[in-house]
Amino acid sequence: MFVYHRTMRGLFSFPNPVNDKAARVVAGVVLVTAITVLATSWYWLLVPLAYGFWARLLTGPTLSPLGALAQRVVAPRLGASKPVPGPPKRFAQGMGAAFSTAALILALVAGAHTAADVVLALLAVAAGLESLFAVCLG
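1. A closer look at the nonpolar core
Thought 1: Grouped together as the largest cluster of nonpolar side chains are 26 residues, with contacts concentrated most on V30, L46, L49 and L120.
Thought 2: When residues of this core are traced back to their parent elements, those giving at least two are α2 (20-40), α3 (46-59), α4 (65-77), α5 (86-109) and α6 (113-133).
Thought 3: Considering every element that reaches this core, the biggest residue donor is α2, with seven residues.
Thought 4: Residues within four places of L46 in sequence aside, it is in contact with V37, A103, L104, A107 and L120.

2. Here's the deal with a nonpolar patch on the surface
Thought 1: A contiguous nonpolar surface patch, about 370 Å² in accessible area, is contributed by V47, I105, L108 and V109.
Thought 2: Ranked by the residues each element gives to the nonpolar patch, the list is headed by α5, at three residues.
Thought 3: Along the chain, the position of V47 falls in helix α3.
Thought 4: Note on V47: relative accessible area 44%, which makes it partly exposed.

3. Comments concerning the packing of α2 against α6
Thought 1: For the pair α2 and α6, the least separation of the axes is 8 Å and the interaxial angle reads 150°. Of the two elements, α2 crosses α6, and the hand of that crossing is left-handed. Contacts between α2 and α6 involve D20, A23, R24, A27, G28, V30, L31, A34, V37 and L38 from the first element and D117, L120, A121, L123, A124, A127, G128, E130, S131, L132 and F133 from the second.
Thought 2: Residues of the contact of α2 with α6, tallied by class, amount to 14 nonpolar, three polar and four charged.

4. What about the side chain of D20?
Thought 1: The topology assignment puts D20 in helix α2.
Thought 2: In terms of polar contacts, D20 uses its side chain to reach the side chain of K89, at 3.3 Å.
Thought 3: Those residues in contact with D20, other than ones at most four positions away along the chain, are K82, V84, K89, E130 and A134.

5. Some points on unusual backbone geometry
Glycine aside, negative phi is the norm for most residues, and most peptide bonds take the trans geometry.
Thought 1: Residue P17 is bonded to the preceding N16 through a cis peptide linkage, with omega at 10°.
Thought 2: One non-glycine residue, S41, lies in the positive phi region at around 60°.
Thought 3: For S41, the position within the fold is in the loop between α2 and α3.
Thought 4: Looking at S41, the relative accessible area reads 43%, which means it is partly exposed.
Thought 5: Even without a glycine there, the phi angle at A134 is positive, about 60°.
Thought 6: Inspection of the secondary structure assignment puts A134 in the segment after α6.

What counts and how
- Residues numbered from 1 in each chain as written.
- Predicted model: local features only at pLDDT ≥ 70, side-chain atom pairs only at ≥ 80, totals over all residues.
- Heavy atoms only, no water.
- Core = buried A, V, L, I, M, F, W, Y, C linked by side-chain atoms within 4.5 Å.
- Buried < 20%, exposed > 50% of the residue type's maximum accessible area, 1.4 Å probe, protein only.
- Helix = DSSP H or I, 4+ residues; strand = E, 2+ residues; numbered from the N terminus.
- Contact = heavy atoms within 4.5 Å.
- Patch = residues over 30% accessible without salt bridge, like charges linked within 9 Å, V, L, I, M, F, W, Y side chains within 5 Å.
- Areas by Shrake-Rupley, 256 points an atom, 1.4 Å probe, with all protein chains shown as cover.
- Salt bridge = Lys/Arg side-chain N within 4 Å of Asp/Glu carboxyl O.
- Axes fitted to C-alpha atoms, helices over the stretch in contact; angles between N-to-C directions.
- Left-handed = near helix turned anticlockwise from the far one by under 90°.
- Nonpolar A, V, L, I, M, F, W, Y, C, P; charged D, E, K, R; others polar.
- Polar contact = N/O pair within 3.5 Å; in protein donor to acceptor, adjacent residues only side chain to side chain.

So this is what it looks like as structure tokens:
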């Protein structure tokens, strides 16, 4: 029981501090994905986008393939780690989860593509600020 509880606690944790370079890489992929959906109407891409946000919100990079790739492969190749506080990044992942899930529901369940595009455009602005200018709205 103790091992299970300790393992589950470790699984559902978020790193603090966070490597800002990894966070910016993730935001860059989110930005590219959002722009791709807006340009092509490939709303199915909202499924992995929303999953990634929920995985990062709940477990940090543990269950997020993109988060793990950014943290373990890409960010180390960008130079020394740049630690920043984790809680604002977790809040930003929560906002991304809310926005991407809302866009997913609007597009694929309700068929409200224009509304989904507006939500996705707001998400793209936030991801662009983070990835290009290191401005985290969290």
